[in-house]
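# Chains, contacts and geometry: an overview
So you can see what is in the structure, the chains are spelled out below.
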Amino acid sequence: MSIIQQHTESSLTDAWRTINIDALDPDSSQNFPLSTLHPPQPEFSDQDVRNLQSQIRQLLQAGDAEGALRSALENPIYNAPDLAKETHLQTVIEVLQRIKVNEMTPLLQKIYNDDRGSESLDVLMKYLYKGMAATSSGISSQHTGNSPRTPTKLMTPQATGFSQIGNRSGITSGDSTGAAMSVLLSWHEKVVDVAGLGCIGRVMTDFRRV
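Residues numbered from 1 in each chain as written. Predicted model: local features only at pLDDT ≥ 70, side-chain atom pairs only at ≥ 80, totals over all residues. Heavy atoms only, no water.

### Here's the deal with the overall build of the chain
Looking only at helices and strands, the chain features nine helices and zero strands. Each helix (α) and strand (β) of the chain, taken in turn from the N terminus, gives the series α-α-α-α-α-α-α-α-α. In the chain, the share of contacts with a sequence separation of at least 24, taken over all contacts with a separation of at least 6, comes to 74%. For the chain, the computed accessible surface area is about 12600 Å², with 52% contributed by carbon and sulfur atoms. (Helix = DSSP H or I, 4+ residues; strand = E, 2+ residues; numbered from the N terminus. Contact = heavy atoms within 4.5 Å. Areas by Shrake-Rupley, 256 points an atom, 1.4 Å probe, with all protein chains shown as cover.)

Here it is in structure tokens:
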């Protein structure tokens, strides 16, 4: 009798398919928490973010746009309630709108040349994409008649700085939203010029979301 013939039907089952091979592999992600791949992110409460917003606005009022931008980027809000994240997005956008066009590239280069400059510009790129998503939601809602998921007040034009579109007569809500998108796209272009296309790839593959 051959070896094959000696096997019974009970031994020729598919039970082996139920074995979790990954659990037996010491290098499998099941044997260690994925959170250990990145350092734990500090937790922020709504009050913490409002306090940070107040500090950044004080820097803006003092004319220190560079300090305000650095403070906003050095404190990305990863681990916080959604409302706190939206508040910090408003803060970042407010800072960006107060910086003039001819100041953008020199400021980005100065930040990029610091020890953690590349990481800071990656954080800025994350907020640019989040701001674009919020603005696009507002534009889409204007066409469909639905209320936007994220308020377009995130992109309120400032009285001074880059987006000096003010409240002139003839400026509609759609015009304001379009101008806000133009601001974000201009910053996006400048960030890519300074940090390179790798910045986009790092942002897209980073599981941390602002």
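### Description of the confidence of the model for the chain
With 71% of its residues at a pLDDT of 70 or more, the chain has an overall mean of 80. Counting interchain partners and residues more than four positions distant, the pLDDT-below-50 stretch residues 148-153 has 10 contacts. The low-confidence segment residues 155-172, where pLDDT is below 50, has 40 contacts with residues more than four positions distant or belonging to other chains. (pLDDT = per-residue confidence, 0-100.)

### Brief notes about the environment of R208
Assignment of secondary structure puts R208 in the segment after α9 (198-205). When the C-alpha positions of R208 and K126 are compared, they lie 9.6 Å apart, and in sequence the two are 82 residues distant. Residues within four places of R208 in sequence aside, it is in contact with Q41, Y78 and K126. Separated by 2.8 Å, the side chains of R208 and D206 make a polar contact. (Polar contact = N/O pair within 3.5 Å; in protein donor to acceptor, adjacent residues only side chain to side chain.)

### Some words on the layout of surface pockets
By volume, the largest pocket amounts to about 310 Å³. L73, E74, P76, R116 and E119 are, among the 18 residues lining the largest pocket, the residues nearest its centre. Those elements that place two or more of their residues in the lining of the largest pocket are α4 (65-73) and α7 (117-144). Per-element accounting of the lining of the largest pocket gives the leading share, four residues, to α7. The class makeup of the residues in the lining of the largest pocket is seven nonpolar, four polar and seven charged. (1 Å grid on protein atoms, 1.4 Å probe; cavity = no way out; pocket = protein on both sides within 12 Å on 5 of 7 lines; lining within 4 Å. Points joined across faces, edges and corners; volume = space filled by probe spheres on them. Nonpolar A, V, L, I, M, F, W, Y, C, P; charged D, E, K, R; others polar.)

### Regarding the side chain of Q53
You can see Q53 is positioned in helix α3 (residues 46-61). Here Q53 falls in the buried class, since its relative accessible area comes to 11%. Sequence-distant contacts of Q53, defined by excluding residues within four places in its chain, comprise T87 and T91. (Buried < 20%, exposed > 50% of the residue type's maximum accessible area, 1.4 Å probe, protein only.)

### Details of the nonpolar core
Ranked by internal contacts, the top residues of the largest apolar core, which has 42 residues, are L124 and W187. The element best represented in this core is helix α8 (residues 173-195), accounting for eight residues. In contact with W187, not counting residues within four places along its chain, are L96, I99, M104, L108, L124 and L128. (Core = buried A, V, L, I, M, F, W, Y, C linked by side-chain atoms within 4.5 Å.)

### What to know about a nonpolar patch on the surface
Residues I19, I21 and L24 make up a contiguous nonpolar surface patch of about 330 Å² in total accessible area. Position of I19 relative to the elements: it lies in the loop between α1 (3-6) and α2 (21-24). (Patch = residues over 30% accessible without salt bridge, like charges linked within 9 Å, V, L, I, M, F, W, Y side chains within 5 Å. Salt bridge = Lys/Arg side-chain N within 4 Å of Asp/Glu carboxyl O.)

### Some remarks on the packing of α4 against helix α6 (residues 101-112)
As a packed pair, α4 and α6 sit with axes 11 Å apart at the nearest point and diverge in direction by 50°. Taken together, the axis directions place α4 and α6 in an arrangement best described as oblique. Seen from above, α4 lies across α6 with right-handed handedness. Facing α4, whose interface residues are E66, L69 and R70, α6 presents L107, K110 and I111. Tallied by class, the residues present in the contact of α4 with α6 amount to three nonpolar, no polar and three charged. (Axes fitted to C-alpha atoms, helices over the stretch in contact; angles between N-to-C directions. Parallel < 35°, antiparallel > 145°, perpendicular 65-115°, else oblique. Left-handed = near helix turned anticlockwise from the far one by under 90°.)

### A word on α3
Compared with an ideal rise of 1.5 Å per residue, which puts 16 residues at 22 Å, α3 spans 22 Å between its outermost C-alpha atoms and is within 8% of the ideal. V49, L52, Q53, I56 and L60 are the residues of α3 that are buried. The buried residues of α3 occupy an angular sector of 105° when the element is viewed end-on, so they sit on one face. Opposite the buried face of α3, by more than 90 degrees, sit the exposed residues Q58 and Q61. (Expected span 1.5 Å × (residues − 1). Arc of directions from axis to C-beta.)

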